[in-house]
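Summary of structural features
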Amino acid sequence: MKHIVLAGPTASGKTELALALARKLDAQIISADSRQIYRGLTHGTAKPEGVWEKGTYRVQGIPYHLVDFLPPDKTFDAAAFCAQAAVLTREKTHTPFIFAGGTGMYLHAFFVGMDPLPPSDPALRAELTAFAAARGKAALHARLAEQDPVSAAQIPAGNIQRVMRALEITLLAGKPASELKSGAFFGQFPEEKAFFVYLNWDKELLNARIERRTRGMLAPMAAETRALLAAGAAADCPALKSLGYPQILQWINGEKSREETFDKIFTLTRQYAKRQRTWFNRYKNALRLELHSEKEFSAEDLSQQIIEKYTSYA
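So, here is what we can say about the structure in this document.

Reading the values: the criteria
Residues numbered from 1 in each chain as written. Predicted model: local features only at pLDDT ≥ 70, side-chain atom pairs only at ≥ 80, totals over all residues. Heavy atoms only, no water. Pairing = 2+ DSSP bridges. Helix = DSSP H or I, 4+ residues; strand = E, 2+ residues; numbered from the N terminus. Axes fitted to C-alpha atoms, helices over the stretch in contact; angles between N-to-C directions. Contact = heavy atoms within 4.5 Å. Buried < 20%, exposed > 50% of the residue type's maximum accessible area, 1.4 Å probe, protein only. Phe/Tyr/Trp six-rings, centres within 6.5 Å; stacked < 30°, edge-to-face > 60°. Lys NZ or Arg CZ within 6 Å of the ring centre and 35° of its normal. Salt bridge = Lys/Arg side-chain N within 4 Å of Asp/Glu carboxyl O.

**A few points about the sheet that holds strand S3 (residues 51-53)**
- Reading across the sheet, the eight strands line up as S3-S4-S5-S2-S6-S1-S7-S8 and stay open at both edges, with mixed pairing between neighbours. Either end of the sheet is taken by a strand with one partner, and the two such strands are S3 and strand S8 (287-291). Taking each pair of neighbouring strands and ignoring which way they run, the sheet shows an average axis angle of 30°.
- Across two bridges, strand S2 (residues 28-31) lies against strand S5 (residues 62-65) in parallel orientation. Within S5, the residue paired with Ile 29 across the bridge is Tyr 64.
- Here helix H2 (residues 78-91) sits on the sheet and contacts strand S1 (3-7), S2, S5 and strand S6 (97-101); the angle it forms with S6, its principal contact strand, is near 155°.
- Contacting S1, strand S7 (194-201) and S8, helix H11 (residues 299-313) crosses the sheet at an angle of about 160° to S8.

Next comes the structure, spelled out in structure tokens:
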């Protein structure tokens, strides 16, 4: 049975819509969110509130997979997502799954495919992180340019994560990362594998939604950050590197005010949403749900609209 992929930028309403779809289709949900995986991170990741029952996380009674399972000191990547999603879909071949989330790399890797690249090496990543901290982003980018000028020309120096990953791949593989690329990264979403839906809000409306959510989550984020630290999590653990949490740490440590913390998280989240929009715009064959006002977002109405299209193409 063809799956449904429900994607969109942060704060676009993916979870609410996915739950409405799951109820109508008697489906299960697979989260494609790289931060909701962590136990203890709820408010800053907009993780849906649920309960664990017999080894399955359930939200409003609906199985909601790949959330709330990873300890804060562990890492997770697209390859791990693909492996676990493959197990879930293979075990339940007669069950439709709704893939809901904004981590485009996860969705692309599972449905389109990615080039086989060496996994991240913690020791090398630590060395590159220390190098960037000591010498700066420009120096790290210059180092990539020496090793792989093609990748350096494609990746801005300010995108330190992509620069670091390209340099890491180059050093681990012994050849430029650009030479390992087959073009799968830019492939279109395969319609035979899934029905792709994209929530496209007007920019200013989405920013307003992000602002409201950010203001409401500061205090709960601070509480859960303190709880993680009290439970023994390190301040620099992978979970607390998630968007917004480094700023929350600065706030609770007295380094920034509440308003400064809000301003920074709001800015970072808007920038993240912009990157998500750019990523998902590559899929020209998606059903785009254009949203120009809050009144247009009705999970019940939109889910019915999706189902009508889905059943005609499935």
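**Quick look at helix H9 (residues 245-252)**
- Taken together, the buried positions of H9 are Tyr 245, Gln 247, Ile 248 and Leu 249.
- Of the surrounding secondary structure, the elements contacted by the buried residues of H9 are helix H8 (203-230) and helix H10 (258-280).
- Looking one or two places after H9, you find Gly 254, whose phi comes out positive at around 80°.

**Side note on the pairing of S8**
- Residues Leu 287, Leu 289 and Leu 291 point to one face of S8 and are all buried, whereas Arg 288 and Glu 290, pointing to the other face, are not buried.
- Note: S7 against S8, five bridges, orientation parallel. The residue of S8 that forms the bridge with Leu 199 is Leu 289.

**Considering the packing of aromatic side chains**
- As enumerated under the stated definition, the model contains 18 aromatic pairs in all.
- Seen in terms of ring centroids, Phe 189 and Tyr 283 are 5.4 Å apart; in terms of plane orientation they differ by 85°. Their pairing is edge-to-face. Residue Phe 189 is located in the loop between helix H7 (160-173) and S7, and its partner Tyr 283 is located in the loop between H10 and S8; the two are separated by 94 residues in the primary sequence. The exposure classification of Phe 189 matches that of Tyr 283, with both residues buried.
- Feature note: the residues Phe 69, Phe 76, Phe 81, Phe 99, Tyr 106, Phe 110, Phe 111, Phe 189, Phe 196, Tyr 198, Phe 280 and Tyr 283 constitute an aromatic cluster, connected by ring pairs.
- Of note, Arg 270 hangs over the ring of Phe 266, and the distance from its end group to the ring centre comes to 4.6 Å.

**As for the pattern of salt bridges**
- This model, assessed by the stated rule, comprises twelve salt bridges.
- Here Glu 53 makes a salt bridge to Arg 58, at a shortest N to O gap of 3.6 Å.
- Between Arg 215 and Glu 211 there is a salt bridge, with the nearest N and O atoms lying 3.9 Å from each other. Taken together, the positions of Arg 215 and Glu 211, both in helix H8 and four residues apart, correspond to about one turn of that helix.
- On the basis of relative accessible area, Arg 215 is assigned to the partly exposed category, the value being 39%.
- We classify Glu 211 as partly exposed; its relative accessible area is 31%.
- Here the salt bridges share partners, and the residues they tie into one network are Arg 23, Lys 24 and Glu 300.

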